[in-house]
Amino acid sequence: MKVLVIGSGGREHALVLKLLESPLVDEIWCAPGNGGISAVAHPVPIKVMDKENMVKFAVENGIEFVVVAPDDPLAAGMVDAFEEVHIPTFGPRANAAVIEASKVFSKNLMKKYGIPTAQYETFEDEAAAIAYVKAQNSYPAVIKADGLALGKGVIIAQSEAEAVEAIHEMMSEGKFGDSGRRVVIEEFLTGPEVSVLSFTDGHTIVPMISSKDHKRANDNDEGLNTGGMGTIAPNPYYTPEIAAECMETIFLPTMKAMNAEGRPFKGCLYFGLMLTPKGPKVIEYNCRFGDPETQVVLPLLKTDLMEIMLAIYEERLSEVDVQFSDEAASCVVLASGGYPVSYKSGYEIHGLDEKGQAEGVIVYHAGTKLENGKFYTAGGRVLGVTALGKDREESLRKAYAAAEKITFTDVHYRRDIGKIK
Ligand code: AMP
Ligand code: GLY
């Protein structure tokens, strides 16, 4: 098969490398891709939101299957656009991607179907939102922009002043554009966070191996929130008992709720969970593979990913026996110094071979470009160095040993990925 993967990050590199393992896959195109991806797949210079040219490219080049990885094109109906030209696609339609694209939608869905989540109220009026936080008078308060905001639309306000400012910036000053015109204000929850990606075709839901993200920029969970500085799989807090409870109270009810709403979800449904003292609760849904969760989950997948994606498209996921390795995986993200605020790009990356790889690990490229056989930094998150091991400690040791040998100017990475307190 000729496959087109849409997106350009470490997650997309992981998808491309996994799909290339499949005997069903002949060739992969990636739009727009990055330096590491272009070492193994054909780059296509089309922007992820350009539906018209994306579809045109696929039709003209005989693409037989499309994987849409990022949230924005999913929410904008990229899958629907391919459906019109009858090219099989992996990912939810826009009417199901709304589970991530609108927090007001997802919170109301959970309330309606009794799926455990933080208590909340939604607001379209700034004065009413401010009156509500003042009346609650409980901090930290959690303020969320309704729409997509590059993972930055959640403010944990430590005081009334911070809460009022966050609401004002979102609702009146357009900090997140249209995404912040409506806000959700919710109860602050505590407990370990777990990411569970799942495969679903709307009839069957198959959770993948659990993982743990590290969202803050610096060690000890200090510094700003980022897209993710590293991940481990499996998540040590996610016991088989908790997994069984989540299946019963969260995963199946969510799949059924989307069906009941006339929005069947097909693709990868991501559950961001918090294991609170009162049981597991949903912090957020994503309508796609997580980044950098995918960089530890997919290397542990033993079953042919293309076969799974085809089965989901054809709504016969129940026929596939999805298996994961019992090893552990760790991913350390090498970022540009200054990320997530401001950073420079264009530095040469040393320590990679001609395919952009390094010994004993898988190097997933996020923000890189390939020029004249050399790799250069081209983004905030540059590389994700993933290692497998018999347990977490071994995989972390291998990932860090390899990470130390890959260098570029101002490289920054956390030294405490996978450290469990
Ligand atoms: P989200 O974009 O919804 O995943 O939120 C980003 C991060 O904010 C989460 O990973 C949590 O660490 C934190 N967060 C979100 N909602 C809550 C909540 N209700 N209580 C505590 N922390 C939260
Ligand atoms: N790593 C979190 C996300 O993909 O949203």
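Residues numbered from 1 in each chain as written. Chains lettered and ligands numbered in written order. Predicted model: local features only at pLDDT ≥ 70, side-chain atom pairs only at ≥ 80, totals over all residues. Heavy atoms only, no water.

J.: Go over the overall build of the protein chain, please, and point to the residues and values.
T.: Summing up its helical and strand segments, the protein chain has 13 helices and 23 strands in all. In summary, the protein chain has a C-alpha radius of gyration of 21 Å against a globular reference of 22 Å for 421 residues, a match within 12%. For the protein chain, the share of sequence-separated contacts (at least 6 apart) that also reach a separation of at least 24 residues comes to 68%. (Helix = DSSP H or I, 4+ residues; strand = E, 2+ residues; numbered from the N terminus. Rg over C-alpha atoms; globule rule 2.2 N^0.38 Å. Contact = heavy atoms within 4.5 Å.)

J.: Tell me what's going on with empty space enclosed by the protein, and back it up with residues and numbers.
T.: For the structure shown, the criterion picks out 2 cavities of 30 Å³ or more. The volume enclosed by the largest cavity comes to roughly 60 Å³. Every residue lining the largest cavity is listed: I99, E100, K103, S106, K107, M110, K144, I283, E284 and Y285. For the lining of the largest cavity, the secondary structure elements donating two or more residues are α6 (94-101), α7 (103-113) and β17 (279-286). (1 Å grid on protein atoms, 1.4 Å probe; cavity = no way out; pocket = protein on both sides within 12 Å on 5 of 7 lines; lining within 4 Å. Points joined across faces, edges and corners; volume = space filled by probe spheres on them.)

J.: I'd love a proper account of helix α12 (residues 305-313), names of residues and values included.
T.: When you tally the buried positions in α12, you get 7 out of 9 residues, the bulk of the element. Among all positions in α12, only L305, M306, I308, M309, L310, A311 and I312 are buried. Buried residues along α12 sit against β1 (2-7), α1 (10-20), β4 (65-68), β5 (89-90), β10 (193-200) and β16 (267-276). The N-capping residue of α12, defined by a side-chain oxygen 2.9 Å from the backbone nitrogen of M306, is D304. Looking at the residues trailing α12, positive phi occurs at E315, about 55°. (Buried < 20%, exposed > 50% of the residue type's maximum accessible area, 1.4 Å probe, protein only. Polar contact = N/O pair within 3.5 Å; in protein donor to acceptor, adjacent residues only side chain to side chain.)

J.: Give me the lowdown on the packing of aromatic side chains, citing residues and values where you can.
T.: Following the criterion strictly, the structure yields 8 aromatic pairs and no others. Taking 4.5 Å as the distance between ring centres and 45° as the angle between the ring planes, the aromatic pair formed by F251 and F271 counts as tilted. Of the two residues, F251 is situated in helix α10 (residues 240-260) and F271 in strand β16; the sequence distance between them amounts to 20 residues. Considered together, F251 and F271 belong to a single accessibility category, that of buried residues. A connected cluster of aromatic rings, assembled from ring pairs, spans F90, F199 and F289. K266 extends its terminal NZ or CZ atom over the ring of Y313, reaching a point 5.3 Å from the ring centre. Seen from the ring of Y413, R415 lies directly overhead, with NZ or CZ sitting 4.0 Å from the centre. (Phe/Tyr/Trp six-rings, centres within 6.5 Å; stacked < 30°, edge-to-face > 60°. Lys NZ or Arg CZ within 6 Å of the ring centre and 35° of its normal.)

J.: So what about the environment of K281? Which residues, and what values?
T.: Relative to the assigned elements, K281 resides in strand β17. The exposure class assigned to K281 is buried, which follows from its relative accessible area of 13%. Remark: the alpha-carbon pair of K281 and I250, spanning 31 residues in sequence, is separated by 8.0 Å. For K281, the contacting residues outside a window of four places in its chain are P116, T117, L189, I250, G272, L273, M274 and T276.

J.: Could you give an account of the packing of α7 against α10, naming the residues involved and the relevant values?
T.: When two helices pack together, their arrangement is given by the angle between the helix axes and by the axis-to-axis distance. Axis separation between α7 and α10 bottoms out at 10 Å; the angle between their running directions is 105°. Considering the angle they form, α7 stands roughly perpendicular to α10. Here F105, L109 and Y113 of α7 lie close against α10, whose contacting residues are A257, M258 and A260. (Axes fitted to C-alpha atoms, helices over the stretch in contact; angles between N-to-C directions. Parallel < 35°, antiparallel > 145°, perpendicular 65-115°, else oblique.)

J.: With reference to specific residues and values, describe the site of ligand 1.
T.: Among the 15 residues in the neighbourhood of ligand 1, the closest are listed as E186, E187, L189, E193 and E284. Here E187 contributes a backbone N or O atom positioned 2.9 Å from a nitrogen atom of ligand 1. Separating a nitrogen atom of ligand 1 from a backbone N or O atom of L189 is a distance of 2.8 Å. Protein chains bury 90% of the 470 Å² of accessible surface belonging to ligand 1 in isolation. At the level of secondary structure, the elements contributing two or more residues to the shell around ligand 1 comprise β7 (141-145), β8 (154-157) and β17. In the shell around ligand 1, the residues fall into 8 nonpolar, no polar and 7 charged. (Near = heavy atom within 4 Å. Areas by Shrake-Rupley, 256 points an atom, 1.4 Å probe, with all protein chains shown as cover. Nonpolar A, V, L, I, M, F, W, Y, C, P; charged D, E, K, R; others polar.)

J.: So what's going on with the site of ligand 2? Which residues, and what values?
T.: Surrounding ligand 2, one finds D213, G227, Y270, N286, R288, G290, D291, P292 and E293. Contact with the protein chains covers 89% of the free accessible surface of ligand 2, which is 200 Å². Classifying every residue of the shell around ligand 2 by side-chain character gives 2 nonpolar, 3 polar and 4 charged.

J.: Can you lay out the pattern of salt bridges for me, pointing to particular residues and giving the numbers?
T.: Throughout the structure, instances matching the rule amount to 21 salt bridges. Linking K56 and E60 is a salt bridge whose minimum nitrogen-to-oxygen distance equals 3.9 Å. Of the two residues, K56 and E60 are both situated in helix α3 (residues 51-60); the distance of 4 residues between them amounts to about one turn of the helix. The exposure class assigned to K56 is partly exposed, which follows from its relative accessible area of 46%. (Salt bridge = Lys/Arg side-chain N within 4 Å of Asp/Glu carboxyl O.)

J.: Give a description of the side chain of T386 that names residues and reports values.
T.: Position of T386 relative to the elements: it lies in strand β22 (residues 381-389). At 2.9 Å, the side chain of T386 and the backbone oxygen of Q295 are in polar contact. Apart from the residues within four sequence positions on either side, T386 is in contact with Q295, P299, S330, C331, V361, I362 and Y364.

J.: Mind laying out the pairing of β10, listing which residues take part and the relevant values?
T.: β10 sits mainly inside the fold: 7 of its 8 residues count as buried. Inspection of the sheet shows β10 paired to β16 by 8 bridges, in the antiparallel sense. Bridged to E193 within β16 is M274. Alignment of β10 against strand β11 (residues 205-207), held across 3 bridges, turns out to be antiparallel. Looking across to β11, one finds that S198 is bridged to P207. In this antiparallel pair of consecutive strands, β10 and β11, the connection spans 4 residues, and G202 shows a positive phi of 90°. (Pairing = 2+ DSSP bridges.)

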